[in-house]
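# Structure assessment
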Amino acid sequence: MTTGTADATHTDMEGTHTIMSITNGTRRRPHRWPQPLAGLRPGIWYGGDYNPEQWPESVWDDDIRLMREAGVNLVSVGIFSWARLQPAPDRWDFDWLDTVIAKLGAAGIAVDLASATASPPPWLTQLHPEILPRDARGDVVWPGARQHWRPTSPVFREYALEMCRRMAEHYKDSPTVVAWHVSNEYGCHNLYDYSDDAMQAFQQWARRKYRTIDAVNEAWGTDFWAQRMTDFDQILPPRFIGEGNFMNPTKLLDFKRFSSDALKDIFIAERDELARITPDKPLTTNFMVSGTTAIVDYDDWGHEVDFVSNDHYFTPGARHLDELAYSASLCDGISRKDPWFLMEHSTSAVNWRQINYRKYPGELVRDSLAHVAMGADAVCYFQWRQSSAGAEKFHSSMVPHAGEDSQVFRDVCELGADLGKLTSAGLLGARVEQAKVAVVFDAQSKWALEHTATPTQALQNWTEPLDWFSALLDDGVTADVVPVAGPWDTYEAVVLPTVYLMGEAMADRVRQYVRNGGKVFVTYASGISDDSDHIWLGGYPGAIRDVVGIRIEEFNPLGSDFDGVDATLDLDNGTVAHDWADAVSSVDDSCEVVARYEAAEDTGMKGVPAVTVNAFGNGYAVYVGCKLGQKGIATSVAPLLDRFGLSDASAEKATGSSAGAERSSAIMKVVRVAESGQRFTFLFNRTREEVRVNLAGTPVVESFATIDEQNHSAVLKPAGVIVLQS
Ligand code: GLA
Ligand code: GLA
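All values reported here derive from a predicted model rather than from experimental measurement.

A water-sized probe, rolled over the atoms, reveals where empty space remains. Taken as a whole and judged by the stated rule, the model has 4 cavities of 30 Å³ or more. Taken as a whole, the largest cavity holds about 110 Å³ of empty space. For the largest cavity, the lining is made up of 15 residues, of which Asp297, Tyr298, Asp299, Phe441 and Ala443 are closest to its centre. For the lining of the largest cavity, the secondary structure elements donating two or more residues are α9 (298-301) and α10 (320-334). In terms of domain composition, the lining of the largest cavity takes at least three residues from each of domain 1 (10-432) and domain 2 (437-643). Here the second largest cavity is characterised by a volume of approximately 60 Å³. Residue lining of the second largest cavity: Pro151, Thr152, Leu191, Asp193, Ala198, Phe255, Phe258, Ser259 and Ala262, and that is the complete set. Sorting elements by how many residues they give to the lining of the second largest cavity places helix α8 (residues 249-277) first, with 4 residues. Taken together, the residues that form the lining of the second largest cavity break down as 6 nonpolar, 2 polar and 1 charged.

Quick look at the structure:
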């Protein structure tokens, strides 16, 4: 995290609500996990979003029969039930939900109960159209889907908090309700609101953060283009400025920070309203941590939940498993390795992409177990029964349109049984073993790099950490993905992939880490700007030039939008740069060049250092000055991983032990360790071919795998996985 300190919420002098929290502090709430129903043993939670109001009551008993058959022990209820629970401003109807919860409780199925505030009913927006968000051009964001409310609307807040109060009062004594699911995916559809409510809240947020308007002017660099302000009331949200114009980047960055805080603020208000009445029930809200999304600063939000929960939807194609594992590991990082709750994923296709690919055979079970490998102690889906009407009727679910006589439901039952076996074996509560290598993720660098008017618009921050995670897997190393404010400096090696924003504190942390013997891999587009997105002067990467031991005077972006420009640059290690290369102009004496560009003389890039290693203090700083992609990174860093003793191969060399049957790059290996010392080793096939693995332990669960007991090995088919206990 890059700015300020945490703070409580208060009401300011004008009596309007002020968004106080500038960014995350250091205190996290104690981890509190949903406890089993009375008389039942704890287990990995298994189930999904359950929307019985979409079905006649006659279906409910059948739902419960099938849930029991599948081993479901928890469902999330009421997420989109506001219009049913409060059909008019002064009318409340809990009867139907009471019936549902009673049926579930009687069947031993726990409830993760929603605050029901995710989507306001039509009467509310009719009565109070002023709660509807505005887009950047000032147009109303109308009802017709969901989440059509302003995070900063005092009117919405009042109604939402009343809903929370009613829910908590009504269900405070329910033994079936084991957790609160506050709202749903905050910001999914209302992240940026440009209304006057948002404007006022943004002004107050800026006042809190900067205190004086001159400090805002300084941070935002407003002498550029005559933007100097004389009063906080001149601060506008980044509303539409005409096509092809360029928004002040620091204002934009602050608006993103503000928007994360504004949503967090309403979350905290809803959470506290529930917690006041039901202090014994743990609370969460479902994040959307994935390789591609960081719409709010989830690591910052991680301070505010009793347990972290996440929604993850698979990336079709070649990155399916890697992206899932990357995202799940980041979630584990946000949870600081406390077990976390997979609130939603899909049994098969989603329905919100252009083309909605289904999962291949075996992937339903494999995907869930990959989340479990990365620390999930709960596996839930959107949704229990596939809708026959509405905007998500083509989204897969646990009970598909075809009904219980279907492969999906058979797989759902198999997974339920597998989770039961893992529970019996003692997996619950086991922590993911810390890896040797951390790949750092910084949401705010991602935001800043997405802005206009950068060296190349082809650069997307999210691809780089994921490329590194995959490349390390190719080299046989499963890394942990760690948020920038997390404990990455406790790892043997750290990757800083396009960590573009680096304030003084972060730069010092990197410096200290390497000085003390850490190995850092820094990429291009890192350490360029401070927390206000002001460039560090004197040559890039100005924040940590001393650590990496190189100096860059100009960037050398690569592209193909003009005839005769260079789309790629070859490196002398056989890899290829694209999109971005640094024109490194000098290297320190302590710095060794391990790869150079092989370019035509006239480009000025011939022989320019591309990959370097600098000895700094007791450690080393590797600099990778271009975008190489997964394969290029894997090739370029493999010798360095060996040299630093970070790869399994090097460990095997050191101990003389055999690599055994498995090709390390074909396998993803993750270990969870229980308090008892028991180890659970998860082995996943990353390829579309069969792979043989050694059985260094007793198999607990396997899927798409054939065990060969005589040879102490197993063959994993594509999508195959095996969990070994030792
Ligand atoms: C135009 C403008 C300048 C500057 C340059 C940048 O010429 O007049 O203010 O923005 O473009 O290319
Ligand atoms: C999100 C929402 C769910 C559902 C799924 C579909 O995660 O929370 O309500 O819309 O997406 O993928």
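A cluster of nonpolar side chains, namely Phe224, Trp225 and Phe246, defines an oily patch on the protein surface of about 370 Å² accessible area. Residue placement: Phe224 occurs in the loop between α7 (213-220) and α8. On the basis of relative accessibility, which here comes to 53%, the residue Phe224 falls in the exposed class.

Around ligand 2 lies a shell formed by Phe80, Arg146, Asn184, Glu185, Asp311, Tyr313, Glu344, Trp352, Phe382, Glu392 and His395. One nitrogen or oxygen atom from the side chain of Asn184 is found 2.8 Å from an oxygen atom belonging to ligand 2. Protein coverage of the free-state accessible area of ligand 2, which is 310 Å², stands at 96%. Residues of the shell around ligand 2, tallied by class, amount to 4 nonpolar, 2 polar and 5 charged.

The subject of this paragraph is the packing of helix α1 (residues 57-70) against helix α12 (residues 407-425). The N-to-C vectors of α1 and α12 enclose an angle of 55°; their axes lie 8 Å apart at closest approach. Taken together, the axes of α1 and α12 lie oblique to each other. Residue-level contacts link Leu66, Glu69 and Ala70 of α1 to Phe409, Val412, Cys413 and Gly416 of α12. Here the contact of α1 with α12 is composed, by residue class, of 5 nonpolar, 1 polar and 1 charged.

This paragraph deals with the domain arrangement of the protein chain. Accessible area lost upon the coming together of the parts serves often as the stated size of an interface. Under the domain assignment, the protein chain is made up of domain 1 (10-432), domain 2 (437-643) and domain 3 (655-725). Summarising the inter-unit geometry, the C-alpha centres of domain 1 and domain 2 are found 34 Å apart. Contacts between domain 1 and domain 2 engage 33 residues on the former and 32 residues on the latter. With both chains or domains summed, domain 1 and domain 2 bury close to 2,700 Å², and 59% of this area falls on carbon and sulfur atoms. By the criterion of area lost to domain 2, the three top residues of domain 1 are Leu253, Arg319 and Tyr326, representing 23% of everything that side buries.

Analysis parameters
All chains use their own residue numbering, which begins from 1 and follows the written sequence. Each chain takes a letter, starting from A, and each ligand takes a number, starting from 1, following the order in which they are written. Reporting in this predicted model follows two pLDDT cut-offs: at least 70 for local features of residues, and 80 or more for side-chain atom pairs to be given and counted; totals over whole chains, interfaces and linings ignore these cut-offs and use all residues. To obtain the side-chain values, all non-hydrogen atoms of the structure were included, while hydrogens and water were left out. Only protein atoms enter the 1 Å grid used here. Points where a 1.4 Å probe fits but cannot escape make up a cavity, open sets with protein on both sides within 12 Å along at least five of seven lines make up a pocket, and a residue lines them when an atom lies within 4 Å of a point. Grid points are joined across faces, edges and corners, and a volume is the space filled by probe spheres set on the points. Where helices and strands are cited, they refer to DSSP runs of H or I of at least four residues and of E of at least two residues respectively, numbered from the N terminus. An automatic or database domain assignment supplies the start and end points of every domain. Amino acid classes used here: Ala, Val, Leu, Ile, Met, Phe, Trp, Tyr, Cys and Pro are nonpolar; Asp, Glu, Lys and Arg are charged; the rest, including Gly, are polar. Residues qualify for a patch when their relative accessible area is over 30% and they have no salt bridge, like charges being joined within 9 Å and the nonpolar side chains of Val, Leu, Ile, Met, Phe, Trp and Tyr within 5 Å. In this description, accessible areas are obtained by the Shrake-Rupley approach with a 1.4 Å probe, and a residue is regarded as covered only by the protein chains that are shown. Each salt bridge in this description consists of a side-chain nitrogen of Lys or Arg and a carboxyl oxygen of Asp or Glu lying within 4 Å of one another. Only protein chains enter the accessibility calculation, which uses a 1.4 Å probe. A residue is then buried if its area is under 20% of the maximum for its type, exposed if over 50%, and partly exposed in between. Whether a residue is near a molecule or strand depends on its heavy atoms: it is near if one of them lies within 4 Å of it. Polar contact criterion, stated in full: a pair of N or O atoms within 3.5 Å, where within protein one must be able to donate a hydrogen and the other to accept it, and residues adjacent in sequence count only if both atoms are side-chain atoms. Orientation is described by lines fitted to C-alpha atoms, with helices fitted over the stretch in contact, and by angles between N-to-C directions that extend from 0 to 180 degrees. Throughout, the term roughly parallel applies to angles under 35 degrees, roughly antiparallel to angles over 145, roughly perpendicular to angles from 65 to 115, and oblique to all others. Throughout, a residue-residue contact means that at least one pair of heavy atoms, one from each residue, lies within 4.5 Å. We define buried area as the total accessible area lost by two parts upon association, computed with a 1.4 Å probe and summed across both.

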